[in-house]
Amino acid sequence: MKGQGPALEKKDETKGMNHSGIPASQSAITSQGLDLGIVIPFLEKYGGAERYLIECVRYWQGKHRITLYASSINEELLAEHGIGDKVKRTVIREYFTGEHSILLNALLLPKIWREEIGRHDLYHTHLWPTHLIDLRPMVWFPHEPLRMLHDLSYEQPVEDVARGAGRIIHTYPKYRYDDVDQHLGRAYLAAIDATDQASKPDRIVANSMYSARYLEEVYKVPVKDVVYPGVEPGLFTDLPVDPNLFVTISQLWLHKRIHLLIEAIALTDDTQLAVIGSGPEQERLQNLCRKLGIEDRVFFLSGLTNKELSLLLSRACAFLFAAIREPFGIVLLEAMAAGKPLIAVNEGGYVEVCDPGFSFLLPPFPAEFANKITYLQRHPEIARKMGLEGRNKVMDYTWKRAADQMEGLLLDTWGNSLSRRPVRENVDRRRTLFGIQYYLWYGDGFGEAHWNDDLRTGYVDDKPFIGYYRSDKGQTIEYHFDLLSKMGMDCAILNLHIGEDGANYRELKGIRNVFDIARKTNSPLHFALQLVPGSEDFSQIENVLRMIRSDFFGHPNYLHMDDAPVLFWFWSGAYDADRGLFSVISDTVAPVRNIAVSLRLPSETDEQKLSFRFFEGFTLFSPLEVTEEGHWSRVWSSAYKAAEKAGMRYRVATVSPGYDDRNLRDELRARNPHRFVPRKDGSTYRDCMEFVENLHEQPHLVVISTFNEFHENTHIEPTLRHGELYVDMTKEFVERMKRKWGDA
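Residues numbered from 1 in each chain as written. Predicted model: local features only at pLDDT ≥ 70, side-chain atom pairs only at ≥ 80, totals over all residues. Heavy atoms only, no water.

Engineer: I'm lost on the packing of helix α20 (residues 683-693) against helix α21 (residues 725-740) in this one. Help?
Structural biologist: For any two helices packed against each other, one specifies the inter-axial angle together with the distance between the axes. Where α20 contacts α21, the axes come no closer than 11 Å and their chain directions differ by 10 degrees. As the angle between them shows, α20 and α21 are arranged roughly parallel. Where α20 abuts α21, its residues Tyr-685, Arg-686, Met-689, Val-692 and Glu-693 lie against Tyr-726, Met-729, Thr-730, Phe-733, Arg-736, Met-737 and Lys-740. Class assignment of the residues belonging to the contact of α20 with α21 gives a composition of 7 nonpolar, 1 polar and 4 charged. (Axes fitted to C-alpha atoms, helices over the stretch in contact; angles between N-to-C directions. Helix = DSSP H or I, 4+ residues; strand = E, 2+ residues; numbered from the N terminus. Parallel < 35°, antiparallel > 145°, perpendicular 65-115°, else oblique. Contact = heavy atoms within 4.5 Å. Nonpolar A, V, L, I, M, F, W, Y, C, P; charged D, E, K, R; others polar.)

What follows is the structure, encoded as structure tokens:
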């Protein structure tokens, strides 16, 4: 396949593009950049796939928020190409070794990586098998399919292994072959083949038209986008050419057919071949040179710097390449940039950019190669003219051009994904939202976590209808979803405690299950996290905030208000006026709607000194505890008005059915003069509701405290003692308020 593919036609290249090569329709949405997660299995060696990724990131790093994920990351390699600190690096699970590692790395490892990768606007994955990570939206740039399943399946040599005849198989990113029993190897490949097509990325991008057709054949999906690799033409220096010196650059695997080039050199006189690269075939190739009597004319070099490679290539007469069906071959572009004619096999992706003016494309026969090697050796002026023509042609293939084209495809994919996503409810501030405090800290059965496991903090004397449940259990969560929907709740507030060791693992597991089940069941409910900070190590709080931002804010069921995610804070007042904490959390969570659910009253005059304008809403967690019953309405009204006068954006009110923590043996609670506020068969709850009904300024949010905090007896979940009284009262209250405020 020769000539330029559609992606290279200049009349198409700039159509609908802005000056950066980005589709004009996407230019508006890139002003803040994408949060881009880029995954490559291995970012250690300097192969073509790694080079492609690094060059793109070099051009993108100032425009997008980028996180690089790889099982190994070579920092020197990134630094050499100007990848700065703005690009975040995350090392993911390393490759398995030992028995069955081929299968584990092909099938299990991508699913482990999926659990380790954070939430991003878009995922750009490189190489096989990153498509099996199956995060959306995803643009997969495979470079090539798993070739040992397809065109290289019969290129693996037979060897003697422990259990008889077997095969040696190359599995990326290993530097050596795997020796496997023949039958076991077939079983591995059959299992891999059955899984390979299970995941369908949103877009597959090829590095050549040849690769696109190959990928379509394997994955049975159209591959319409081709972005050729690039080169930096100005990196190469002109030096006096040695007409006897020829160069190839390649990893030394069997399918690279270096042996063909060695045999061609043996058919010529006075020529030398520099083989730049390393790999498991080196010893065999050196033995071949000895057998052919040319060990003094073939040199194996590895570990060269870019400068050393450039100098050696500049001295060469021509560049040789003989790989089997190469998907593209960036090294040929580099040879063109160095002004070298090409002698290569007539197969693979690179032939699409080759013209007869600077390249000889040949069948894979040593004699054919030897003929052209001798021709250029004896006609240095023709070699020079061919090199100049190749150098002129390669100016169309820069890394900036490749990066811009790939960026345009990423932005287009992200834009298309927005139209396919469920419409996230964005709360109109003219509409009142009803939310409820929901706890996910309960263990499996009486005596387990928070079910009378600790009389100081976990005494429970009112049994829920469904028994002593485990919070993270799917049936429990779905039962609670039904109750929340029955009551007309818009959202649930999920508590997450942060201690010296970070996020509470039990609550976090329950929270993840809530979001997963909400997605799977297409629940109309929304959820927001409420952080309960309890650590003096602010880095722990910062880490949890980053995790929440990465893992939850982008979920379609996460609560947003005025186009930003909502984050609640259980605010005891212990961190008031602590600039250190507020500096950390302000930098980490912006832009977020932060709302305090507090144990103290907001200050009309001093709130700025206490919380530095961090909170956009402020409400009492337990309004029944702040004063005696006779003063409830006055104090609640004062607190409601104080938050607004302090400049907060959202008006928030809380209702509660009662309070009783007298059975808890915590000495700190003894200071509370309002440890027991009786429910009075719903009368207390009704008093709270009437206060909300009589507010002159309609609230943006009404919080019910709580659904299932049994230790302080603020729960409204159905129980043996109260039945469904409080669920029914809540349902009637929400319906009544929506009618009154025109939200029904």
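So much for the structure itself; the text now carries on.
Engineer: So what exactly am I meant to see when it comes to the pairing of strand β15 (residues 342-345) here?
Structural biologist: Along any regular strand, the residues point their side chains to alternate faces of the sheet. By the bridge criterion, 3 bridges tie strand β14 (residues 318-321) to β15 in an arrangement that is parallel. When the sheet's bridge partners are listed, Phe-319 is paired in β15 with Leu-342. Running through helix α10 (residues 330-337), the crossover from β14 to the neighbouring parallel element β15 is right-handed. In terms of strand pairing, β15 meets strand β16 (residues 359-362) through 4 bridges, oriented parallel. Its bridge partner being in β16, Leu-342 is matched across the sheet by Ser-359. (Pairing = 2+ DSSP bridges. Right-handed = clockwise from strand over helix to strand, strands pointing away.)

Engineer: Looking at this structure, I do not really get the side chain of Thr-67. What am I missing?
Structural biologist: Within the element layout of this structure, Thr-67 appears in strand β2 (residues 65-70). Its relative accessible area of 7% is what places Thr-67 among the buried residues. Setting aside residues up to four positions removed in sequence, Thr-67 forms contacts with Leu-36, Gly-37, Ile-38, Lys-88, Thr-90 and His-120. (Buried < 20%, exposed > 50% of the residue type's maximum accessible area, 1.4 Å probe, protein only.)

Engineer: Please explain the sheet that holds β2 as it appears in this structure.
Structural biologist: Strand pairing in a sheet relies on backbone hydrogen bonds, with the paired strands running either antiparallel or parallel. Pairing is parallel across the open sheet formed by 7 strands, whose spatial order is β3-β2-β1-β4-β5-β9-β10. A single partner strand is all that each edge strand has here, and the edge strands are β3 (88-91) and β10 (225-226). In this sheet, strand β4 (residues 122-126) lies alongside strand β1 (residues 35-39) in parallel orientation, the contact comprising 4 bridges. For Ile-38, the partnering residue across the bridge sits in β4 and is His-124. Relative to strand β9 (residues 203-206), helix α6 (residues 209-219) is tilted by about 140 degrees, and along the sheet it contacts β5 (138-141), β9 and β10.

Engineer: For this particular structure, what's the right way to read the pattern of salt bridges?
Structural biologist: Oppositely charged side chains are able to pair whenever their charged atoms sit close together. By the definition in use, this model includes 42 salt bridges. Ionic pairing is found between Glu-55 and Arg-58, a salt bridge with its closest N-O pair at 2.7 Å. Residue Glu-55 and its partner Arg-58 are located together in helix α2 (residues 48-60), separated by 3 residues, close to a single helical turn. Judged by its relative accessible area of 2%, Glu-55 falls in the buried class. Take Arg-58: its relative accessible area is 26%, and that puts it in the partly exposed class. A salt bridge links Asp-404 to Lys-400; the nearest nitrogen and oxygen atoms lie 2.7 Å apart. Of this pair, Asp-404 and Lys-400 are both found in helix α13 (residues 399-420), 4 residues apart, which corresponds to roughly one turn of the helix. (Salt bridge = Lys/Arg side-chain N within 4 Å of Asp/Glu carboxyl O.)

Engineer: It is not clear to me how the packing of helix α7 (residues 258-266) against helix α8 (residues 282-292) should be interpreted in this structure. Could you clarify?
Structural biologist: Packing of α7 against α8 brings their axes to within 10 Å, and their N-to-C directions diverge by 20 degrees. In terms of orientation, α7 lies roughly parallel with respect to α8. Crossing hand, α7 versus α8: right-handed. Within the contact between the two elements, α7 uses Ile-258, His-259, Ile-262, Glu-263 and Ala-266 and α8 uses Leu-285, Leu-288, Cys-289 and Leu-292. Considering only residue class, the contact of α7 with α8 consists of 7 nonpolar, 1 polar and 1 charged. (Left-handed = near helix turned anticlockwise from the far one by under 90°.)

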